[in-house]
Each structure stands twice: as C-alpha cells, then as structure tokens.
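# Understanding the architecture of this molecule
This is what each chain is made of:
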Amino acid sequence: MRQRETGPQDGGAQGDGRLIGRSVPRREDPRLLTGRGRFVDDIALPGMLHAQFVRSTVAHGEITAIDLSAVRAVPGVVAAYTADDLRLGDITAELARPRAEFVPTPMPVLARDRVRYVGEPVALVVARDAYAAEDGIEAARIGYTVHPPVTGEETALADDAPLVHADAPRNTLVDVAPFATDGIDEVFTAADHVVGVDVRTGRQNALPLETRGAVAHWDDREEQLVLHTCSQVPHLVRTVASRCLGLDERAVRVVVPDMGGGFGLKCVVGREEIAAAAAALRLRRPVKWIEDRKDALTASFLAREQHYTARAAFDATGRILALDADVVCDTGAYSCYPFTAGIEPLMAAAEMPGVYKVPAYRVRGRAIATNKAPTAPYRGVSRPQYVMVMERLFERAARELDLDPVEIRRRNLITEFPYTGVNGITYDPGSYRESLDLCERTLRAEGWYERAHAARAEGRYLGIGYSCFSERTGYGSAAFAQRKMTLVPGFDLSEVRMDPSGAVTVTTGTMSHGQSHETTMAQIVADELGLELAKVKLHQGDTDRVPYGWGTFASRSIAIGGSAVRLAAGRLGDKLRTLAAARWDIPVEETALGHGEVHRRDAPTTALPYRDLAELAYHRAHLLPKGIEPGLTATAAFDVSNDGTFSNATHGTVVELHTDTGQVEILRYVCVEDCGVAINPRVVEGQCRGGIAQGIAGALFEQVTYDAQGEPSATSFMDYKVPTAHEIPDVAVHHLQTPCAFTETGAKGTGEGGTIGAPAAVLNAVNDALRPTGTELDDVPITPETVHRALHPRHYQESAR
C-alpha cells in the first residue's frame, strides 16, 4: 500500500473542508491554560475530611501489633482504621492459567498480617484537615517481625530464597512454557554468526504531574457512593469498588474530572481510592485523599525493571535466521488489577520479533515477585525493552559482519503485507522500510554523518543511532483473551445524541489524560455529520453518563473508541437522513449530510437544517412520519477481531559524549512515524514528543534502586533524576500515512511510540560514539559515570590499584 508523506501544517488534509487530518486547535487548551481546569484536588465538599495512610517502614515482615490509640488522640483526627475495622474484600487480578504458569496474589486494601514492601498501606487516618491527618500517621505504632527481603532477580530465584508469597515457589508469579520453533537449535548450530546481548533496564516511575487522588462521598438521594478519582479506567474502578465494598455496581458512581497525566500508572486500580471510599461510606461524610510526592515516588505503582538474555543467528549476508530470548520481569510484591504480573513478560514474549522477518523463535517469559512496590503498565509496556534488545542484536551483528547498521536493518525488515510472523501475529500494512529510509535521508541531508566523521578526527565522540519498531495498538477482545485474562478488555461503546437545538453530545468509554479527546473525537463526529466542531461536546469519565468503557491504555482511544464514535455518529446521520427523506417522500439514498443540513441529491439547494429536524423529533413528535420514533440518539460498539493494528516508526538520533563529565548530549532527534490516518497531526506530534521525552528519561536519567533492606533510594526529586527542557532536544517529526483497514477512521494508535523507540535510538547512538574505545553498553539508564569509565578506562584501572 502506498504511503503519503505529510507535513505538520497540512496533516494530509485534502482541501475538502473535512476536519480529519487537520491540526485544529485543541479545545481543551483555553480551559486548562487559564486555570479553569478541575482536578481531583480542586474538589471541595461541605464537611469534607482528609485521609492519609500509615505505611510500612519495612520491606518484608509480619505485623505483630497495630496501635492506633495515640492516633485517635491527635487533635483533628476523626477516625483511624485497620484492615480489621474496614473488612474489605481483596483486589485480586486473575489469569485463567494453571498454577504452574500463573500464581494470583490477593492484594488487601490495607495490609492485614504481613507487609511486602516499604510504603504498603497498613492503616488509614481520617482528619479534619490534611495537616492533622499527617500528624495522625506519625503517631501510629506498628510492630513487625522483620524477614529478609527479596530485592532482585538473583535473590528471588535462588533455591533458598525467602518467599514474598508462600504459594509462589521461587517467587515466580508467571512462567509461561517456552514457545519454540521446531529445529531452532540446529539453526543456531549451522549459522554463520551468532551474537548475544544481556540487557537490564532500570525501574522507573511513570511520574504524572498530578499524583493519584480521590474524593468520595455518599449521596443519600441517589443511594450511591460517588467517587471522584484520577483514573484512566473509571468503569474498572467502579467494578473493584463495588466488589470490595459489597455494593451493587449501580450503587457506585465513578467520576473522573480533568487529569494531569497517567501514562499507564492510572490504568490499574489502586488500594488507596478504595480505602478512602470505604471511610466515606462508614462516616457518611466526604473524604479526600491526595497522594504526596514521596508516596508517589516510593509506594505508588512502578514499572520497567527487566532483564533480557538474548541471542540471534545470522547468515553471512546479515539476514537473521533465529532469535532466542529469556525475559525476566521484576513485578514487585503484587499483580496489578486487572492486567496481572503477566502483562510485561507475556507482551514481550508475544511481540518481540517486531518489525523484522524472524524465521525461528524461542522465548521464555517470567514475572517474579520481590519486596518492592508493585509494577503497573507504563507507556510502552515492555516494548521499549524488547525493541532495545532487538536493535542491539542488529547493531552487534552489523559490527561483526562489517555491515552498515542501516543496511542490515533494510535486509531484515518486513516489506510485504499482511505478514504473519513466527509468533503467530498478523501485521497489517505499514511503512517499515520507508520510515527507515526517510529517517536516514534526513540525517544525511542535514550533514550529521560528515559532522560525526569530522568530530572523531578531532578526538570528540559523536555517534548516530537508529531504532525501528512497530507499536501494536487497538488491542481488541480477542487479543486480550489470548493472554487468558478472566476480565477481558477490548471493545468500546459510544452514544451520540442530538438535542432539540441541533447540537450534539457524544460519549466515549475512553478517558483522556492529555490525549486531546475533546478535540479529536469531536473532529470525527463533526466530519461524519457535516457539523461545525463547536456543535459537538464530548462526555467521558463518568460511569453514570457513559454506558460502559474500558478506558484509555495501549493506544486504543482513537483506534477503538474513535471507531465506536464514528459508527454511532453515522447511525445518527442515518436517522437524520431517514427523517428528512420521509418528509420529502423520497428514498433515503437520495439524501446527503453536510453543513448542518440534510440535502436532496437531486436538488442540492433544497435542504432541511438539523435544528428543524431535531425540533420535529422532540417537540412535534405527533408530526413524525409513521415508523419513526421520537428523539435523535444512536449508539454503537466497536471491537477489533484480528490481532490489532500496528503503527510503526523509525527514530534517529545524534549524541555527543563529553569527555570531562561523561554527560550524553543529544544534538539531534528525528522521528518518522506512521499511525495511519492522523486525525489531528499536531496532537500526534505532541504524543510523539512527549513519549520521546519519557524514553530519553529512561535511557539516561531515571531509576529507582533499593538497598539491601528493600528501602527505595528515590524519595524525592533530589534523588530521582528527571530530565528538564534543557536535556530534551527539539524533535523533528515526519508523518507517513498507511491507512488502517481494521478501524472505522483508518487511524492506528500513536500514544506509546515515542517512548518505545527512544531508549534504543539513544543507546545505539552512545555505542556508535564509543566505537573508538571498543566498549559497548547494553544497560539503561546510561549514567555519566558509566560513560566516563568507558572513555577513561586507564584512570579507573589506576584508581583501583
């Protein structure tokens, strides 16, 4: 399929007045930029109380005593609760797999008899203000019998390892039987070249600007618990809250106001919002909990810590023959709900071959439990890691075979579609080769190859690195069912309703936390109905107003949610055409929508404005033609029955290593992306740039480590290194468009691609710069000390003497 390159201004717009493909201004911005946004912490209700949590100070131990008597005596404290006081159900994520493959880990809302990581909530303190709540938690006295903590892969998998969960032997929560192509060992034996890598990635914090939080209150009139929270998955929060609290789902309403980022951290259900809701239910008073930054850094869901041991076989021409990988993911103390600890190893195992034609494949994926805060999906979910592994294997093979790194990729990229890989996944058409070619041409045209060559002659260290990858998006129910999830996400629902004035309200089960849904969903509806953008209003994030939805994660919002929105809008358009056709006594096929009117095809100047039709449908229903019901509402559901859609991109970057400090400076960053039809190219670029910033953060800066007692190192921004605008370069984004045949708009997802490609591109550029030293790095984050050691090995050898 032919791709069309588009620029940031036209976005592929055809000049026909359509909104899809145009970079219309974000409708959210005036409200958010002028301080009129409404976030969870902005909510203040009469009589509202404030909650904070007493958290474990040890990584692994039995609770021997909980004394809250001094807490209750603190001025301003209203109540203090333990697990025995609240008696809530556990949060348990399940996979329908045998115990040999998966061990569930029931997660109590408050720890009962044992704690499994520093920061685990043990008790809840509710007070008249936030300061009294903080004083209250300081007065709590918790007794522990401390056990040796499990702090990493080596400790967890040792034969005599302490067990984080008694029913998880060798601390293994997920161990899927290795997938293997028949005869793969013979392929490696006969191969001309075999290269290997051993890659470790640091534990990270998703670090949304807005920390987690909740405001809960009981509504007597509706006999309903109302929970305002910053979640990507409001309906899932409702399900868990109702189960833990013993309420019907109708009796729980979850509302998500504006949200300051999520990045996957907020697509799982946490314990704290459930506990705050339980306190509000008990006290019959509003209760607010806002996570402070220390708790967000140490006790919230973390991500990423993974270890890959991989090797690849190549023939003499540089074509890959086989891939063999062992994947171990440190998922912390509990499975996250609903995805479980299996999300990272299962995704890595299923999708690792990526954009390359790999004939033979063997993989083992494991998730291990450690005494650390549990992990959740974080933008990219294993793909930044396994893409880095694949790209390192190709770089290493290129060096061994004396091939150009770009050329070896060209020889192995998938170029014919649809393509079914050795992993059983079918890839829809993309621009894998085209994106690589354009990225390389851009860097060559800008003269970066000449600059790198000249710098090396001067004794400076400049390097150029690439990464090629696909981003699987639009996972439908069938794809999630393959993981054997007992709670299977996938579809999305939408309702589009026209009011008597001719304005339209649309609902979606997705939940924006920065992706511009208020703009892009409205663009889809306005185009489908031939309306002005200002006539369309989106509602999301309210379980009473939105029939059902799985929220926003895995770049599904436009691919799945947008498809449901377009279908619903199309059905509403059909109702308008049917009503107009009945008024004119002509076939529906002879009508068309446009400019807020239904037109006659045989007489284009004859039209009925939507407002007139809407007024008829609502206010003069007695005049409706026979068989047409009052009102103008349409609903639709959308799911993807195949393996999903695949966006793709190539990232290219240029770095310079500073010999005196070991600092890595990024001089140039180019992204060539293809997400199918870009609904709003400027929004796509924002997603690319934001994702790349997070990918660079993981490559060079961010990491949470733990000491031997399981105490986390990064308790503030003094310890957790977050890049600023100074460290993140300007990013050039080039668009290719390969329309998707499996979605209603031709769009694929784009939310995670920047994060997926950046670590590999940066790491490869650093290694290219280090080429004169003979040193190669495979782990991230790449610290200045690591680079300095590589540049000055003799200095460190002499210091060691």
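All values reported here derive from a predicted model rather than from experimental measurement.

## Description of the sheet that holds strand β26 (residues 633-638)
- Spatially, β22-β21-β20-β26 is the arrangement adopted by the four strands of the open sheet, whose pairing is mixed. Sheet topology places β22 (536-539) and β26 at the edges, where each strand pairs with a single neighbour. Strand-to-strand twist across the sheet, computed as the mean angle between neighbouring axes with direction ignored, equals 20 degrees.
- The pairing of strand β21 (residues 504-508) with β22 spans four bridges and is classified as parallel. Counted as the bridge partner of Thr505 is Lys537 from β22.
- Of the strands in this sheet, β21 and β22 touch helix α16 (residues 517-529), which is tilted by about 130 degrees from β22.

## Observations regarding the sheet that holds strand β14 (residues 306-314)
- On the basis of which strands lie adjacent, the open sheet formed by five strands has the order β8-β16-β15-β14-β9 and mixed pairing. Each having just a single partner strand, β8 (172-180) and β9 (193-201) make up the two edges of the open sheet. For this sheet the average axis-to-axis angle between neighbouring strands, irrespective of direction, equals 5 degrees.
- Here helix α11 (residues 383-401) sits on the sheet and contacts β9, β14 and β15 (320-330); the angle it forms with β9, its principal contact strand, is near 145 degrees.

## Details of the packing of helix α7 (residues 234-245) against helix α8 (residues 272-283)
- Contact geometry for α7 and α8: axes closest at 10 Å, N-to-C directions at 55 degrees. In terms of their interaxial angle, α7 and α8 are classed as oblique. The two elements α7 and α8 cross, and the hand of that crossing is right-handed. Of α8, the residues touching α7 (which contributes Val240, Ala241, Cys244 and Leu245) are Ile274, Ala277, Ala278 and Leu281.
- A breakdown of the residues in the contact of α7 with α8 according to their chemical character gives eight nonpolar, no polar and no charged.

## Observations regarding the environment of Thr552
- If you trace the backbone, Thr552 turns up in the loop between β22 and α17 (557-584).
- Exposure remark for Thr552: the relative accessible area of 5% places this residue in the buried category.
- As a C-alpha pair, Thr552 and Tyr361 span 191 residues in sequence and 32 Å in three-dimensional space.
- In this view, Thr552 contacts Gln232, Cys267, Thr510, Met511, Ser512, His513, Gln515, His517 and Ser557; residues no more than four positions away in its chain are not counted.
- Within polar-contact distance, the side chain of Thr552 engages the side chain of Ser557 at 3.0 Å.

## Points about the pairing of strand β4 (residues 77-81)
- Counting buried residues along β4, four of its five residues qualify, which places the element largely inside the surrounding structure.
- Pairing of β4 with strand β6 (residues 121-127), which is carried by four bridges, proceeds in the antiparallel orientation. Opposite Val77, over in β6, you have Ala127 as the bridge partner.

## With respect to the pattern of salt bridges
- For the coordinates displayed, the defined rule picks out 59 salt bridges.
- The partner of Asp324 in a salt bridge is Arg311, and the shortest N-O contact between them spans 3.4 Å. Remark: Arg311 occurs in strand β14 and Asp324 occurs in strand β15; sequence separation between them is 13 residues.
- Asp574 is the partner of Arg577 in a salt bridge, and the nearest nitrogen-oxygen pair spans 3.8 Å. Separated by three residues within a single helix, Arg577 and Asp574 lie in helix α17, roughly one turn from each other.
- Judged by relative accessible area, which is 18%, Arg577 ranks as buried.

Cut-offs and rules
- Residues numbered from 1 in each chain as written.
- Predicted model: local features only at pLDDT ≥ 70, side-chain atom pairs only at ≥ 80, totals over all residues.
- Heavy atoms only, no water.
- Pairing = 2+ DSSP bridges.
- Helix = DSSP H or I, 4+ residues; strand = E, 2+ residues; numbered from the N terminus.
- Axes fitted to C-alpha atoms, helices over the stretch in contact; angles between N-to-C directions.
- Contact = heavy atoms within 4.5 Å.
- Parallel < 35°, antiparallel > 145°, perpendicular 65-115°, else oblique.
- Left-handed = near helix turned anticlockwise from the far one by under 90°.
- Nonpolar A, V, L, I, M, F, W, Y, C, P; charged D, E, K, R; others polar.
- Buried < 20%, exposed > 50% of the residue type's maximum accessible area, 1.4 Å probe, protein only.
- Polar contact = N/O pair within 3.5 Å; in protein donor to acceptor, adjacent residues only side chain to side chain.
- Salt bridge = Lys/Arg side-chain N within 4 Å of Asp/Glu carboxyl O.

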